[in-house]
Structures are given as structure tokens and as C-alpha cells.
Amino acid sequence: MRPRLLETICCQNGRLKGLVFHQDRVRRSAQALGWKTFPDLYSITIPQQARKGRCKCRVLYRENIEEIEFTPYYIRPVQRLTLIKADHIDYACKYEDRALINAAFAERGEADDVLFVRHGLLTDTSYANIALWDGTRWLTPKQPLLGGTRRAQLLEQDRIYMADIFVTDLHQFEKLALFNAMMDLEEGPVIAVQPTNIRLSSPFTKK
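Here the structure is a predicted model, which is why all the values come from computation and not from measurement.

Calculation criteria
Residues numbered from 1 in each chain as written. Predicted model: local features only at pLDDT ≥ 70, side-chain atom pairs only at ≥ 80, totals over all residues. Heavy atoms only, no water. Axes fitted to C-alpha atoms, helices over the stretch in contact; angles between N-to-C directions. Helix = DSSP H or I, 4+ residues; strand = E, 2+ residues; numbered from the N terminus. Parallel < 35°, antiparallel > 145°, perpendicular 65-115°, else oblique. Left-handed = near helix turned anticlockwise from the far one by under 90°. Contact = heavy atoms within 4.5 Å. Salt bridge = Lys/Arg side-chain N within 4 Å of Asp/Glu carboxyl O. Buried < 20%, exposed > 50% of the residue type's maximum accessible area, 1.4 Å probe, protein only.

Q: Describe the packing of helix α1 (residues 19-32) against helix α3 (residues 149-156), listing the residues and the values that go with them.
A: Where α1 meets α3, the axes come as close as 9 Å, and the angle between the chain directions of the two elements is 120°. By the angle between their axes, α1 is oblique relative to α3. The two elements α1 and α3 cross, and the hand of that crossing is right-handed. Every residue of α3 that contacts α1 at F21, H22 and R25 is listed here: T149, A152, Q153 and E156.

Dropping the structure here:
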């Protein structure tokens, strides 16, 4: 059976935000998977209970939308990260199946989330893209695990800039910010880049 894909869209006071970026990702994902058609996200109807405040619109689809769910959304605090090696994880499309990501998340230890590293390069956390502040501007990994819709928007607005960021470059940055479709760059958790906040897991500490 063909894999099922997922879009998580921010619904703010009854309006789906960043829809042009979500629709573009749906189109690109369908093309990458060889699908002949893909769903029209603009056809989504907003229920009454999602017309006030911030809700998460969760859309599961193949060639057509199969499920839509609206739930209230609250930004969860993240203060500490564990770096996890993720060379084996391929998440170029936003798959419903997150088994590998969830397994890695379970290895976070006392941290709040994991930060994936592929071939020595920083990518994403389990649920967000990242940007690092170098004292002048925000840099985001050039090769993320998943190209997020908020990331695409921030790049278009010149609020973040792409760069290859190696694990060994971490000490050059002051802080790390998390963002995704549900939370803007200024809204998500911000973590000071210190050894107490960003822990290296065993693959990075072995001599």
C-alpha cells in the first residue's frame, strides 16, 4: 500500500496559515512519490470549534485527503536537547509513519527533545526545524531532515539563512531556536548553546 503523508497546518482564529507553502509541499511530495494527483488543501472546511484561538489542523492524505482533525495547540517548553545520530533516517517527505523518529526520541534521556545529526551535520529536532544565532543572523541547516513550511516562509522573508552546520560548529553560536508550522521563530523555545542544555549522545562522545 502507498505510504500516507501528513500535513500539520496552523489554524489561527479560523484561518489556515501558510497554506501556499503547505500546498506546494503536498505537490512536491506527490511528484516525488510518483502520484498522478494530490489533494487541494484550499478545500478544507474550518469547523466552528476551530474559529477561535490556535488549533492544529492535522491532514492525512494520499492522492486525496483521507482524514482531517482539529485540536487545540499549546507550545510546549523545550530547555534541553540530546544530539542523536540519524544517518539511517529518511524523512524527505512528511510521512505519517514516524516510527524511527519516535524510537530516537525515546533515547533523549533527561532532555526534552532530540536534535538529529546526519553525517556530522545538524538537521532538526523530532518536531521542529532549528536556527542558530551567530551574533548577527539566524542560520538554519542547509540539509534539514524535513524542509518545513515555516522554514520556507522564513527563508523567503530573509529572516533566516541556510548554511551547513556541523556538530563541531555548535560552540560558535549563542543560542538555538525551534520553529515549525505551529510556531513562528519568535514564538518557539530558545535554548542557550551550552553543554548543560545540548548533550552529546554516545556516538559523538566515543574516542
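Q: Describe the pattern of salt bridges, and please don't skip the residues or the numbers.
A: The final tally for this structure, using the stated rule, is 14 salt bridges. With its nearest N and O atoms 3.8 Å apart, the salt bridge here joins R76 to D113. Remark: D113 occurs in strand β6 (residues 113-118) and R76 occurs in the loop between β4 (65-72) and β5 (81-85); sequence separation between them is 37 residues. Here D184 and R159 are joined by a salt bridge, their closest N and O atoms 3.2 Å apart. Taken as a pair, D184 in the loop between β11 (175-179) and β12 (190-192) and R159 in the loop between α3 and β10 (161-163) lie far apart in primary sequence, 25 residues in all. Judged by its relative accessible area of 18%, D184 falls in the buried class. Exposure remark for R159: the relative accessible area of 26% places this residue in the partly exposed category. In this structure, a network of salt bridges that share partners links the residues R4, R62, E66, E67 and E96.

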